[in-house]
Amino acid sequence: SEMCIRDRIITPQSSGLNKEKKGHVTKFLTVLHEILEKDEHRYCIGWTGTGKQFCVFDSHELAEKVLPIYFKHKNYATFVRQLNIYGFHKGKEDQCDLFAHAYFEKNKPELLALITRNQKKKASPTQSSLESSSSPPIKTADLPRYDSLSSIIIEEVKKLQNQQQDLERMVKLTNSRREMDDLSFQMNLNEYFHRYTCLLYTS
């Protein structure tokens, strides 16, 4: 409702914002006030009954037919961002976008000089001290030389190759032992059959 948005409005005195010079009104605010004073645009944008807020009834029509005439663009989002920059508060009621500011009222263009742009927040002292106390950048001299790293890697590769060769020897030795055991078993088996055969013939 209009009263709810009105209650949320923060004036520059209470918010602590830096004021611009009195009497200086930006083109955006002047043109916006002029648009709202014209009945020909009431089908898409206009003042509410109290004259302390204005409503965008049709954002698409506003972007397509009104903004290009006065602001040379068709972007409704850009229009809303401009309102945010100047401290307007947005509300919603019956598919209508409501906007309000303490110093933006119908038939009172003299109040526009009191509207200022929102100032960018400065870094807090705590944040500044944290940034200043952060670790210094690492110098190249503090890093190990690439040639020394390369020699270390080469040495490790050689060790791995030697270990691989030792493993291959052990595998070969194990296989040869198995072959010898198999051969010995076969010879013993043949000799056993030979003796058994001889016994059969002699009996």
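Report on the accompanying structure. (Residues numbered from 1 in each chain as written. Predicted model: local features only at pLDDT ≥ 70, side-chain atom pairs only at ≥ 80, totals over all residues. Heavy atoms only, no water.)

## Looking at the state of the cysteines
Logical step 1: Tallied over the entire structure, the rule returns one disulfide.
Logical step 2: What pairs with C55 in a disulfide is C96, and their sulfur atoms sit 1.3 Å apart. A residue pair is termed long-range when its members are at least 10 positions apart, and C55 in strand 2 (residues 53-56) and C96 in strand 4 (residues 96-100) qualify at 41 residues. For the residue pair C55 and C96, the accessibility class agrees, reading buried in each case. (Disulfide = S-S within 2.5 Å. Helix = DSSP H or I, 4+ residues; strand = E, 2+ residues; numbered from the N terminus. Buried < 20%, exposed > 50% of the residue type's maximum accessible area, 1.4 Å probe, protein only.)

## Here we look at helix 5 (residues 76-85)
In an α-helix, one turn spans 3.6 residues; hence positions three or four apart end up facing the same way.
Logical step 1: Along helix 5, the residues classified as buried are Y76, F79, V80 and L83. Looking down the long axis of helix 5, one finds its buried residues gathered within 95° of arc, a one-sided arrangement.
Logical step 2: Tucked into the core, helix 5 has its buried residues touching helix 3 (27-37), strand 1 (45-47), strand 2, helix 4 (59-71) and strand 4.
Logical step 3: For helix 5, the N-terminal capping position is held by N75, with its side-chain oxygen 3.0 Å away from the main-chain nitrogen of A77.
Logical step 4: Positive phi shows up at G87, right after helix 5, with a value of about 85°. (Arc of directions from axis to C-beta. Contact = heavy atoms within 4.5 Å. Polar contact = N/O pair within 3.5 Å; in protein donor to acceptor, adjacent residues only side chain to side chain.)

## Regarding the sheet that holds strand 3 (residues 89-93)
Logical step 1: Pairing is antiparallel in the open sheet, where four strands are placed in the order 1-2-4-3. A single partner strand is all that each edge strand has here, and the edge strands are strand 1 and strand 3. Ignoring which end each strand starts from, the neighbouring axes of this sheet average 25° apart.
Logical step 2: Here three bridges tie strand 1 to strand 2, and the two strands are oriented antiparallel to one another. Directly across from G46, in strand 2, lies its bridge partner C55.
Logical step 3: Sitting on the sheet, helix 3 touches strand 1 and strand 2, and the angle it makes with strand 1 is about 85°.
Logical step 4: Across the sheet, helix 5 touches strand 1, strand 2 and strand 4, and the angle it forms with strand 4 is around 25°. (Pairing = 2+ DSSP bridges. Axes fitted to C-alpha atoms, helices over the stretch in contact; angles between N-to-C directions.)

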